[in-house]
Amino acid sequence: MIYRSPSKILYFGPYVNSGTGLCLSELQNDPELLEIWTSLVDCRNFTDTCDENYPYRSADGSCNNVDYPEWGKSFTPQERFIPAHYEDGIDYPRDYDLPSPRLISNKLFNDTGEGSYDKRKTAEMMAWGQLLAHDFVLTPTIAKVDCCDQANEDNPACFTIEVPEDDAHFTSTCMNFVRSSPATVGCVPGHREQVNELTAYIDGSMLYGSTKKEMDGLREFSGGRMRCTDTNLLPANPAGMCLKLNHNDVCQAAGDSRVDVVPNLGGNHILLMREHNRIADELAVINHHWDDERVFQETRKIIAAMIQHISYNEYLPGVIGPDAMTYYDLDLSPWGHDDPYDPDFNPSIRNAFAAAAFRFGHSQVMPEQAYLFHDYVSFEHYPLEKEFMNTHMIQKQEGKKVPALMRWLSYDKAMDTDRFFVKEIRDLLFLKNGKSSDLPAINIQRGRDHGLPSYNAFREHCGLSTVSQWNPNANEGLEDHRWSVTRILKDLYQ
Ligand code: HEM
Ligand SMILES: [Ca+2]
């Protein structure tokens, strides 16, 4: 599997679209194109050899499977469940005749009081989902560009979202959107794929990093420990993009660069870092003969196992329910080890899982962040829109309030998993200087950017009936949707 420098490959799309009149297979054999292609692309063939006897995971996920050393490695293209569907078969998003994602968001996702807190799932269910997502996928975008600026009208990195003129929140008719970095599979010109910058394995890479360089930068190199501040917080990241609204606030350094997005995420990162150091200290005491490397790697192995266990034993049953756990043979054995490892299965993240399915968690996002104090009665609430990229809740009083943040997550409830998204992420995402964005609208546009095929194509792939009529009572109707939802979809897509 080969990953190419994304910013360069971008120019392949416009070249093909510029009316050569050739189809992809012809282009692949066209000497002129191939010459341009080879001058642009950076084919990173995997050249390392795997040491079959090395007992720990590599930092970048390579060599997990010695027969396919690049499977699940960081900086490789994402896989697909079903083939990509672009307008031109190569890289142009399928948006012809499709409604504006913000219009869909207004009609389908707007929480006008129907959305409610989940009766059982704690806020930590949401927070763990986000943490877990940041263990297995980060899809880079091309650059930081203001695509609504006229100067970027023809920028191929841009794919702005059209905002309806009568929008109840946004006054501008343009919402910024930058396309994901392109890549292709195989060392030949091909259709557009997207990259995963992280190890696809649940291996704690949000804590340790997804390259050796990142990992080394986060290690203390003493006693097997991870670096932390004197007050047991994450080390500072001087290059971070957080808000720093208060004098002593700093951005945090972690294995995943999104650590500062919301306090619930930073809090969970701190939890893992502290747990690593707690275990490392204990292992070092009982194993005097172990050096720093041994203590670090053994601890890392235990932490990854803990993350996997929590995810499969507690989180996943909460998400899909006990019946689906059993149906898909996902229940863990109550004792001993299972060995369901399949060496022929590529564990790379599937594009539609990252760009669509696992974003279900955005519906669980609560409208606030909070502290809950020792008495389990006194709260201090902060509106979510004030907390995006804001590390103050974590760093206030040198981190003394982190336990109260984690207590809140373990006690209060997440929002229901449904079609409603709180206004804090639907209207006010990343609010700064009066400008903000809409997360579920971005999710829809991201699906189009990545060439995800239609809902019907996925229904077919999942063994569900395909739909050709709106009437839920008719044959080939949207029978597994409520009529209230079908009606909205019908208005939008008919
Ligand atoms: C306050 C909480 C959260 C915020 C502010 C947030 C925000 C975001 C943003 C801004 C993106 C990038 C969207 C894009 O440009 O395409 C994103 C992606 C994503 N989010 Fe969330 N999110 C939150 C919670 C969650 C939760 C609870 C889950 C899952 C249970 C989740 C799963 C994902 C996934 C899988 C992606 C795609 C990542 C990638 O491929 O790079 N997020 N989120
Ligand atoms: Ca990982």
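Residues numbered from 1 in each chain as written. Chains lettered and ligands numbered in written order. Predicted model: local features only at pLDDT ≥ 70, side-chain atom pairs only at ≥ 80, totals over all residues. Heavy atoms only, no water.

UniProt, in its Subcellular location (unreviewed entry) section for the protein chain, records the words "Secreted". (UniProt positions renumbered as here; feature names shortened; annotations may be inferred.)

Novice: It is not clear to me how the overall build of the protein chain should be interpreted in this structure. Could you clarify?
Specialist: What the protein chain contains, in helices and strands, is 17 helices and eleven strands. Computed over the C-alpha atoms, the radius of gyration of the protein chain is 24 Å, within 12% of the 23 Å expected from 2.2 N^0.38 for a compact globule of 494 residues. Principal-axis analysis of the C-alpha atoms gives the protein chain an extent of 70 × 55 × 50 Å. Relative to its 494 residues, the protein chain shows a buried fraction of 49%. Long-range contacts, defined as pairs at least 24 residues apart, comprise 72% of the intrachain contacts of the protein chain with a sequence gap of at least 6. Charge-centre separation for the protein chain: the mean point of 46 positive side chains lies 5 Å from the mean point of 73 negative side chains. (Helix = DSSP H or I, 4+ residues; strand = E, 2+ residues; numbered from the N terminus. Rg over C-alpha atoms; globule rule 2.2 N^0.38 Å. Buried < 20%, exposed > 50% of the residue type's maximum accessible area, 1.4 Å probe, protein only. Contact = heavy atoms within 4.5 Å. Lys, Arg positive; Asp, Glu negative; His and termini not counted. Charge placed at Lys NZ, Arg CZ, Asp CG, Glu CD.)

Novice: What's the story with the coordination of the iron atom of ligand 1 in this structure? I'm lost.
Specialist: Ideal geometry at a metal centre gives angles of 109.5 degrees when four donors are arranged tetrahedrally and 90 or 180 degrees when six donors are arranged octahedrally. The protein supplies the iron atom of ligand 1 with one donor atom, His-362 (NE2), which lies at 2.1 Å. Inspection of the secondary structure assignment puts His-362 in the loop between α11 (351-355) and β7 (368-372). (Donors = N, O, S within 2.8 Å, 3.2 Å for Na, K, Ca; no water.)

Novice: Sorry if this is basic, but what is going on with the coordination of the calcium ion (ligand 2) here?
Specialist: Around the calcium ion (ligand 2), the donor atoms from the protein are Asp-135 (O), Asp-135 (OD), Thr-199 (O), Thr-199 (OG1), Tyr-201 (O), Asp-203 (OD) and Ser-205 (OG), and they sit 2.3 to 2.5 Å away. Coordination of the calcium ion (ligand 2) draws on donor residues from a single chain, spaced D-x63-T-x1-Y-x1-D-x1-S in sequence. With Asp-135 in helix α6 (residues 123-136) and Tyr-201 in the loop between β6 (193-196) and α7 (205-208), the pair connects residues that are 66 residues apart, well separated along the chain. For the pair Asp-135 and Tyr-201, one class covers both residues: buried.

Novice: Honestly, the side chain of Ser-348 in this entry has me stumped. Any pointers?
Specialist: Among the secondary structure elements, Ser-348 is positioned in the loop between α10 (292-327) and α11. Its relative accessible area of 5% is what places Ser-348 among the buried residues. Of note is the side chain of Ser-348, whose polar atom sits 2.8 Å from the side chain of Asn-346. Discounting chain neighbours no more than four positions away, the residues touching Ser-348 are Trp-71, Gly-72, Glu-79 and Ala-200. (Polar contact = N/O pair within 3.5 Å; in protein donor to acceptor, adjacent residues only side chain to side chain.)

Novice: Would you mind showing me how to read the pairing of β6 here?
Specialist: Strand residues, when the strand is regular, have side chains that alternate between the two faces of the sheet. Pairing of strand β1 (residues 76-77) with β6, which is carried by two bridges, proceeds in the antiparallel orientation. Within the sheet, the bridge partner assigned to Thr-76 lies in β6 and is Asn-196. Where strand β5 (residues 182-183) meets β6, two bridges bridge the pair, whose relative direction is antiparallel. The residue of β6 that forms the bridge with Ala-183 is Glu-193. (Pairing = 2+ DSSP bridges.)

Novice: Any chance you could explain the confidence of the model for the protein chain here in plain terms?
Specialist: Note that predicted coordinates carrying low pLDDT should not be read in detail. Predicted confidence across the protein chain gives a mean pLDDT of 91, with 92% of residues reaching 70 or more. Confidence drops under pLDDT 50 across residues 1-19; counting only partners more than four residues distant or on other chains, this segment forms 63 contacts. Overall fold confidence (pTM) sits at 0.94, and the ipTM for the predicted complex is 0.99. (pLDDT = per-residue confidence, 0-100.)

Novice: What should I look at first to understand a negative patch on the surface in this one?
Specialist: A cluster of acidic side chains, namely Asp-51, Glu-52, Asp-67, Asp-342 and Asp-344, defines a negative patch on the protein surface. You can see Asp-344 is positioned in the loop between α10 and α11. Note on Asp-344: relative accessible area 58%, which makes it exposed. (Patch = residues over 30% accessible without salt bridge, like charges linked within 9 Å, V, L, I, M, F, W, Y side chains within 5 Å. Areas by Shrake-Rupley, 256 points an atom, 1.4 Å probe, with all protein chains shown as cover. Salt bridge = Lys/Arg side-chain N within 4 Å of Asp/Glu carboxyl O.)

Novice: Can you help me understand the nonpolar core in this one?
Specialist: If you look at soluble globular proteins, the nonpolar side chains tend to sit buried side by side. With 81 residues, the main nonpolar core has Phe-136 and Ile-425 as its most contacted residues. Excluding anything up to four places from it in sequence, Phe-136 contacts Asn-196, Leu-198, Thr-199, Ala-200, Ile-202, Ile-349, Phe-353 and Phe-358. (Core = buried A, V, L, I, M, F, W, Y, C linked by side-chain atoms within 4.5 Å.)

Novice: Looking at this structure, how should I read the sheet that holds β1?
Specialist: Whenever strands of a sheet pair, they do so through backbone hydrogen bonds, lying parallel or antiparallel. Read across the open sheet, the three strands follow the order β1-β6-β5; overall the sheet is antiparallel. Here the strands that pair on one side only, and so sit at the sheet edges, are β1 and β5.

Novice: Sorry if this is basic, but what is going on with the site of ligand 1 here?
Specialist: Neighbouring ligand 1 are 22 residues, the closest being Gln-130, Thr-139, Arg-359, His-362 and Arg-446. In the model, an oxygen atom of ligand 1 is placed 2.6 Å from a nitrogen or oxygen of the Thr-139 side chain. Between Arg-446 and ligand 1, the recorded distance is 2.7 Å, taken from a side-chain N or O atom to an oxygen atom. Of all elements in the fold, only α6 and α15 (439-449) reach the threshold of two or more residues within the shell around ligand 1. No other element matches the four residues that α6 contributes to the shell around ligand 1. Class assignment of the residues belonging to the shell around ligand 1 gives a composition of 14 nonpolar, five polar and three charged. (Near = heavy atom within 4 Å. Nonpolar A, V, L, I, M, F, W, Y, C, P; charged D, E, K, R; others polar.)

Novice: Looking at this structure, how should I read the state of the cysteines?
Specialist: Note: disulfide means a covalent bond formed between the sulfur atoms of two cysteine side chains. One pass over the structure, following the stated rule, counts four disulfides. Residue pairing for Cys-147: its cysteine sulfur links by disulfide to Cys-158, the two sulfurs lying 2.1 Å apart. Because the sign of the S-S torsion sets the handedness, a value of about -80° for the bond joining Cys-147 and Cys-158 places this disulfide among the left-handed ones. Pair noted here: Cys-147 is in the loop between α6 and β3 (161-162) and Cys-158 is in the loop between α6 and β3, with a separation of eleven residues, a long-range link. (Disulfide = S-S within 2.5 Å.)

Novice: How do you make sense of the UniProt feature "binding site: heme b" (unreviewed entry) in the protein chain when you look at a structure like this?
Specialist: When the UniProt feature table is mapped onto this chain numbering, "binding site: heme b" (unreviewed entry) sits at His-362. Apart from the residues within four sequence positions on either side, His-362 is in contact with Phe-421, Ile-425, Leu-439 and Asn-443.

Novice: What exactly am I supposed to notice about the pattern of salt bridges here?
Specialist: Between side chains of opposite charge, a pair can form when the charged atoms approach closely. Per the counting criterion, the structure on display carries 21 salt bridges. As a salt-bridge pair, Asp-167 and Arg-102 come within 2.7 Å of each other at their nearest N and O atoms. One end of the pair, Asp-167, is in the loop between β3 and β4 (174-175); the other, Arg-102, is in helix α5 (residues 101-109), and 65 residues separate them in sequence. A relative accessible area of 10% means that Asp-167 is categorised as buried. By relative accessible area, which is 1% here, Arg-102 ends up buried. Asp-449 is paired through a salt bridge with Arg-446; the nearest N and O atoms lie 3.0 Å apart. Here Asp-449 pairs with Arg-446, and both are found in helix α15, just three residues apart, close to one helical turn.

Novice: Hey, could you run me through the environment of Phe-353 in this one?
Specialist: Within the secondary structure layout, Phe-353 lies in helix α11. Phe-353 sits in the partly exposed class, given a relative accessible area of 27%. Along the sequence, Phe-353 and Gln-78 sit 275 residues apart, while their C-alpha atoms lie 10.0 Å from each other. The residues touching Phe-353, leaving out its near neighbours within four places in the chain, are Phe-81, Phe-136, Phe-358 and Arg-359.

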